[in-house]
Amino acid sequence: MADVLTKQKRSQVMAAVCSTGNKATEGSLAMMFRRHGVKGWRRHLPLPGKPDFTFLRQRVTVFVDGCFWHGCPQHLRMPASNRSYWLEKIARNQARDRAVTRELRLEGWEVLRLWEHELFDEHRILKRVVKALTRSA
């Protein structure tokens, strides 16, 4: 399907997409943590890659990766228009994710990367986070 917006308007819309504070992903995980008494996390500390959640004492970082922007193998639906741009953009995002994960691990952090679609399985997410926190305690 062709884009109904002009190229300039599409650029404005995409530029307005926030990279932090997304209610559907980060907000959902924060509410999940509060509901289940997961404590000790901080948001957006100045670490490499700006993790969404950081547990300083346990040295655990959590990233919530959006299925579109980070190229989820299950849910990415590549736009039909300007396909080469999006392929390169998502590949750059994935390369940056790998580099950030590697850098944090070299600095002694445990890194959890959660897909946006995984947030629907609250039990599984909490199990992964709690396991990382107890392993690092």
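Scroll up to find the structure.
Cut-offs applied
- Numbers given to residues run from 1 along each chain, matching the order in which its sequence is written.
- Only residues with pLDDT of at least 70 are given local features in this predicted model, and only at 80 or more are side-chain atom pairs given and counted; all residues enter the totals for whole chains, interfaces and linings.
- Side-chain descriptors were evaluated using all non-hydrogen atoms of the structure, hydrogens and water having been removed beforehand.
- By definition, disulfides here are pairs of cysteine sulfur atoms that lie within 2.5 Å.
- Burial here depends on accessible area, computed with a 1.4 Å probe over protein chains only, as a share of the maximum for the residue type. Under 20% is buried, over 50% is exposed, and the range in between is partly exposed.
- Think of it this way: a Phe, Tyr or Trp ring, Trp meaning its six-membered ring, pairs with another when their centres are within 6.5 Å, and the plane angle makes it stacked under 30 degrees, edge-to-face over 60, tilted otherwise.
- Secondary structure elements are defined from DSSP: runs of H or I of at least 4 residues count as helices, runs of E of at least 2 residues count as strands, and each element is numbered from the N terminus.
- We call a charge positioned over a ring when the NZ of a Lys or the CZ of an Arg lies within 6 Å of the ring centre and within 35 degrees of the ring normal.
- Pairing between two strands is assigned when DSSP locates at least 2 bridges connecting them.
- Every crossover in which the path from the first strand over the helix to the second runs clockwise, viewed with the strands pointing away from the viewer, is termed right-handed.
- Fitting a line to C-alpha atoms yields each axis, with helices limited to the stretch in contact; the angle taken between N-to-C directions then spans 0 to 180 degrees.
- Should any heavy atoms of two residues lie within 4.5 Å, those residues are counted as being in contact.

Structural notes on the state of the cysteines
- On inspection of all chains with the given rule, the structure shows 0 disulfides.
- The thiol of cysteine 67 is not disulfide-bonded; the next cysteine sulfur, from cysteine 72, is found 3.9 Å away.
- Owing to a relative accessible area of 7%, cysteine 67 belongs among the buried residues under this scheme.
- The exposure class of cysteine 72 is buried, given its relative accessible area of 2%.

Structural notes on the packing of aromatic side chains
- Evaluation of the coordinates by the stated rule reveals 8 aromatic pairs.
- Centre to centre, the rings of phenylalanine 68 and tryptophan 86 are 5.3 Å apart; their planes meet at 65 degrees, and the pair counts as edge-to-face. Taken together, the positions of phenylalanine 68 in the loop between strand 3 (60-65) and helix 3 (83-106) and tryptophan 86 in helix 3 put the pair 18 residues apart, joining distant regions of the chain.
- Since its relative accessible area comes to 23%, phenylalanine 68 is described here as partly exposed.
- By relative accessible area, which is 12% here, tryptophan 86 ends up buried.
- The ring of tryptophan 109 has arginine 59 sitting right over it, with the charged end atom 4.3 Å from the ring centre.
- Geometry around phenylalanine 63 places arginine 113 over its ring, the cationic atom sitting 4.1 Å from the centre.

Thoughts on the pairing of strand 4 (residues 110-115)
- Strand direction decides the pairing type here: strand 3 and strand 4, joined by 6 bridges, are parallel. Paired with aspartate 65 across the bridge in strand 4 is tryptophan 115.
- For the crossover that starts at strand 3, traverses helix 3 and ends in the parallel strand 4, the hand is right-handed.

Here we look at the sheet that holds strand 4
- Pairing is mixed across the open sheet formed by 4 strands, whose spatial order is 1-2-3-4. Here the strands that pair on one side only, and so sit at the sheet edges, are strand 1 (41-43) and strand 4. The mean angle between the axes of side-by-side strands here comes to 25 degrees, regardless of whether they run parallel or antiparallel.
- Of the strands in this sheet, strand 3 and strand 4 are in contact with helix 3, which crosses strand 4 at around 150 degrees.
- Lying on the sheet, helix 4 (residues 122-136) is in contact with strand 2 (53-55), strand 3 and strand 4; it crosses strand 4 at an angle near 175 degrees.

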